[in-house]
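Results of the structural survey
Each chain, letter by letter, is given below.
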Amino acid sequence: MMVEKFGISQPVRRREDTRFLTGRGTYADDVNAAHQAFASFLRSDIPHGKIRAIATDTAANAPGVIGVFTGADLAAAGLGGQVPRALLPGFVPTPTPRPGLADTFVRHVGEPVAVVIAETRAQADDAAGLVERDIEALPAAIEISDATAPGAPVIWPAAPGNVCQEWTHGDREAADRAFAEAAHVTRLQLRNNRVVVNPMEVRTSLAEYDLKDERYTLTCSSQGVHYMHEVLCEQIFRIPGEKLRVRTHDVGGGFGVKEQPYPEDVAILFAARALGRPVKWTGSRSEHFLSDNQARDANIDAALALDEDGNFLAIRVIVDDAMGAYYAGHGPFISVRNMTNGLPLVYRTPIVDTTVRLVFTNTGSVGPYRGAGREQAALIVERLIDEAARETGRDPLELRRRNYIPPSAMPYETPAGRTYDSGEFEAVLDKAVETADWAGYPARRAASEATGKIRGRGLASCMECVGAVPFEGAILRFNAQNSLDLVVASQSQGQGHETSFVQVVADRLGLPFDVITLHQGDSDDVPIGLATIGSRSMIMTGSAIANTCDAVIEKGRALAAHLLEAAAADLELVDGGFRVAGTDRQIGLLEIAEKVRTLRAAPNDLPPGVPDSLDSEEEFRAADQYFPNGCHICEIEIDPETGKISVESYVAIDDVGTVVNPMIVHGQVHGGVVQGIGQALMENSAYDRAGQLLTGSFMDYPLPRARDIPDLVTDFHPVPSPANPLGVKGIGEAGMVGAIPAVMNAIADALATRGRTVDFDMPATPEKIWRALANG
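Residues numbered from 1 in each chain as written. Predicted model: local features only at pLDDT ≥ 70, side-chain atom pairs only at ≥ 80, totals over all residues. Heavy atoms only, no water.

**A look at the sheet that holds strand β11 (residues 244-247)**
The strand order across the open sheet built from seven strands is β3-β5-β1-β12-β9-β10-β11, with neighbouring strands paired in mixed fashion. Either end of the sheet is taken by a strand with one partner, and the two such strands are β3 (65-70) and β11. Mean inter-strand twist for the sheet, computed between neighbouring axes without regard to direction, equals 20 degrees. Taken together, the six bridges between strand β9 (residues 204-210) and strand β10 (residues 215-220) define a ladder with antiparallel strand orientation. Looking at the pairing, S205 lines up with C220 of β10. Against the sheet, helix α8 (residues 225-237) touches β10 and β11, its axis set at about 145 degrees to β11. (Pairing = 2+ DSSP bridges. Helix = DSSP H or I, 4+ residues; strand = E, 2+ residues; numbered from the N terminus. Axes fitted to C-alpha atoms, helices over the stretch in contact; angles between N-to-C directions. Contact = heavy atoms within 4.5 Å.)

Right, dumping it as structure tokens:
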């Protein structure tokens, strides 16, 4: 009964929510150290310049100040700069070492150039204003078009023309032939608008240095301690791994922006060692807007070739993708890897030709954000399909049905080089169409027209390529208090890991949910792994947990056979323990663990070959990525007098494989859909021609509110993946990936009723819609 209530596929309420809702969470800013000092940063106020001098004397003599450091100090200490990880064979990113403090050049507004350490935060802030910058202004390239124009200012000498990498994938010659012979070609120019990643909690970090052990400790808000630890040890401080401990407690949202260390982490670690004091930095929302990785910012030319029957022949995509002034940790791989792998979604398109140019600009770095290139693939393909249907007079449903990859084709090798392991794409579409009452749409459109509104409907059939990079581990430890610790390297930032991961253990071992506790966020303790990114946690960590449970079962079987004096082959796993088949003789796993602790005191009581503990540690490595998919349908209304868009209904049907906790998975889809609607309709990070961020606060940067979102209808069509022990596929980004193309297709559908087209970039603001209707 306990497993039935708390096992896999049960909507268990999140156990961590009580802690959060009653104010008992422990976030980075809740952590303090004895005798800590406080940091404040002086940042560049120009987008591009050569540092001539940073005058610190006045600040150093200000009340409470105990230290002021500049980039010259960090450079003299031999600190390195952060560079991206190498994830693709043959892809060697242009070196753009991102320093803790700028030393010779500044390359974007908000780049830190000095740090002040004082006894209080207020004293540090006041003194930072006394540091004097002497920076020679240089010409800057803000937009992609600026950076790639002839004679543009050069941001990095190693990247002439500011194109840091050009990546091609596919068959160019075959695509040329397909487009030349096509009965119809649809072409679109699209923009994936730049956005600010806005978790509820901005970054805070606490740096400590133990002089006796010559060891650093960094407590921070992160998406996983391993990647933070790897970059800081290997790239920045160049120290052995045992000389740094990284700790993360509760995290108030990540979405990709907290996956890597930032310059502030480097600077305060340096200061903690230099001063012999713990140093704490608490970032502001304004600093977050200016200095943390932003996202998207891509200009796209796309084309789809069809034969006379509507079969897809080829897709061609050319992308200019802004990287900002420095590569983010995984920035280069958003379009190069994630977008490219996602083409051509769920369709039998035999030829793909992709070109991605990565472009430096004098802006903050561009890094992963929920979707991280997968939403771009979906936007491209789904917008092309709807436009092709309009241009050729075909039904958009039937055009998709004609080109879906059938279940019988699985495993299916795509022209992007991925092998889909499972999927029932037409069945997902059918369920979405039925749930959305597709047949009743003409009546709803007529009702909208009767009130002077324009109604539109958009559909998106989406596919993501997620997970698999590169491995994750799990540890199970049995305690003396009849309890069990689960230790993982993945880091929850709101995903509910304390609940869903524990459900896996409860289900596999048959143990009570309440005796299992999740531990995470300590590089001294966690097993191998990377981070919570790319919708990979339940795939990779969940599978590692399943493998570790299997190891516990095998150890338990051997120990139970010894304790019950029975043959291991006669034992069956039931109710959290082992029973001798055909008898009532049994022993629970927790009882086995307790007896083994006693037996370990007398080693001769355990015969050779019998394990001396149930404690286990295993890992999971994936051979390929995983492929969650879905169909999203959105209906909108436009007020032609104002251009205001109202999202009237939204349906999302997703195949995420096995659904471990339906309540949590519904929540993940809801959150992603809301963020996708936000990007499509309102969010946009904008710089002026002088490189100043115009949207530097929530006064200028809107986020969707509850009033902007209809009641979301979400459901699942699970087709378990055969490629991992849980059958899961990933869920974290599905809502975002489906929402952006579904909303934009709905807008295009509405405008088409007035003979207008979407000839503007996202976001589809009321002004843009009004102008399209008035001037088209």
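**Considerations on the sheet that holds strand β21 (residues 516-519)**
Strands sit in the order β21-β20-β19-β25 across an open sheet of four strands; the sheet is mixed. Bordering the open sheet on either side are β21 and β25 (616-621), each of which pairs with just one other strand. Taking each pair of neighbouring strands and ignoring which way they run, the sheet shows an average axis angle of 20 degrees. In this sheet, β25 lies alongside strand β19 (residues 471-478) in antiparallel orientation, the contact comprising six bridges. Following the sheet pairing, F471 is matched in β25 by R621. Of the strands in this sheet, β19, β20 (484-488) and β21 touch helix α16 (residues 497-509), which is tilted by about 135 degrees from β21.

**Some words on helix α7 (residues 172-181)**
What α7 keeps buried is the set A174, A175, A178 and F179. Take α7 and look down its axis: the buried residues cluster within an arc of 130 degrees, on one side only. Exposed residues on α7 whose side chains face more than 90 degrees from its buried face are E173, A180 and E181. The N-capping residue of α7, defined by a side-chain oxygen 3.4 Å from the backbone nitrogen of E173, is D171. (Buried < 20%, exposed > 50% of the residue type's maximum accessible area, 1.4 Å probe, protein only. Arc of directions from axis to C-beta. Polar contact = N/O pair within 3.5 Å; in protein donor to acceptor, adjacent residues only side chain to side chain.)

**Describing unusual backbone geometry**
Following L343, the chain continues to P344 via a peptide bond in cis, the omega torsion being 5 degrees. Residue position: P344 is located in the loop between α11 (333-342) and β15 (351-360). Of note, the bond from M762 into P763 is cis; its omega dihedral lies within 30 degrees of zero at 0 degrees. With respect to the helices and strands, P763 occurs in the loop between α20 (734-752) and α21 (766-775).

**Focus on the pairing of strand β13 (residues 298-306)**
On a regular strand, one side chain projects to one face of the sheet and the next to the other, so that they alternate. The element β13 is largely enclosed, with a buried count of seven among its nine residues. Where strand β8 (residues 184-192) and β13 come together, nine bridges link them in antiparallel fashion. Residue pairing across strands places Q189 opposite D301, the latter belonging to β13. Of the pairings in the sheet, the one linking β13 to strand β14 (residues 312-324) comprises nine bridges and is antiparallel in character.

**Describing the state of the cysteines**
Counted by the stated rule, this structure contains zero disulfides. The thiol sulfur of C465 is not disulfide-bonded, and the nearest other cysteine sulfur, from C462, lies at 12 Å. According to the relative accessible area criterion, C465 is buried, its value standing at 1%. (Disulfide = S-S within 2.5 Å.)

**Things to note about the packing of aromatic side chains**
Applying the stated criterion across every chain yields a total of 16 aromatic pairs. With a centroid separation of 5.7 Å and an interplanar angle of 75 degrees, the aromatic rings of F289 and Y701 are classed as edge-to-face. Of the two residues, F289 is situated in helix α10 (residues 285-291) and Y701 in the loop between α19 (662-681) and β28 (712-716); the sequence distance between them amounts to 412 residues. Here F289 falls in the buried class, since its relative accessible area comes to 0%. By relative accessible area, Y701 is classed as buried at 1%. Taking 5.6 Å as the distance between ring centres and 65 degrees as the angle between the ring planes, the aromatic pair formed by F312 and Y347 counts as edge-to-face. Of this pair, F312 sits in strand β14 while Y347 sits in the loop between α11 and β15, and the two are 35 residues apart along the sequence. The pair F312 / Y347 is uniform in exposure class, with both members buried. By way of ring pairs, the aromatic residues F91, W167 and F333 are connected into one cluster. Geometry around W438 places R457 over its ring, the cationic atom sitting 3.4 Å from the centre. (Phe/Tyr/Trp six-rings, centres within 6.5 Å; stacked < 30°, edge-to-face > 60°. Lys NZ or Arg CZ within 6 Å of the ring centre and 35° of its normal.)

**Re helix α13 (residues 396-403)**
Among the residues making up α13, those that are buried are L397, L399, R400 and N403. Relative to the axis of α13, the buried residues are bounded by an arc of 165 degrees and lie together on one face. Next to the buried residues of α13 lie β13, β14, α12 (374-392), α14 (425-435), β18 (454-463) and α20. Near the N-terminus of α13, the side chain that reaches the backbone nitrogen of L397, with its oxygen 2.7 Å away, is that of D395.

**Points about the nonpolar core**
Within soluble globular proteins, side chains that are nonpolar tend to cluster in buried spots. The biggest cluster of nonpolar side chains holds 124 residues, and the ones touching the most others in it are I315, I380, I636, I638, L681 and I747. Broken down by element, this core gets its largest block of residues, 13 residues, from α20. Leave out the neighbours within four places in its chain, and L681 touches I645, V647, V743, I747, P763, A764 and T765. F478, V502, I516 and L599 belong to the second-largest nonpolar core, a separate cluster that totals 54 residues. (Core = buried A, V, L, I, M, F, W, Y, C linked by side-chain atoms within 4.5 Å.)

**A short note on the environment of V428**
Along the chain, V428 turns up in helix α14. On the basis of relative accessibility, which here comes to 1%, the residue V428 falls in the buried class. Put simply, V428 and P718 are 290 residues apart on the chain and 9.2 Å apart in space, counted from C-alpha to C-alpha. Excluding residues within four positions of it along the chain, V428 makes contact with N629, G630, C631, I653, D655 and H717.

**Describing the environment of D292**
As for its placement among the helices and strands, D292 is situated in the loop between α10 and β13. Along the primary structure D292 and V202 are separated by 90 residues, whereas in three dimensions their C-alpha atoms are 9.5 Å apart. Engagement of the side chain of D292 in a polar contact is seen with the side chain of R203, the distance being 2.8 Å. A distance of 2.8 Å separates the side chain of D292 from the side chain of H288, its partner in a polar contact.

**Structural notes on the side chain of S685**
Inspection of the secondary structure puts S685 in the loop between α19 and β28. Of the polar contacts made by the side chain of S685, one reaches the side chain of Q294; its length is 2.5 Å. The residues touching S685, leaving out its near neighbours within four places in the chain, are R194, V195, V196, Q294, L693, T695 and Y701.

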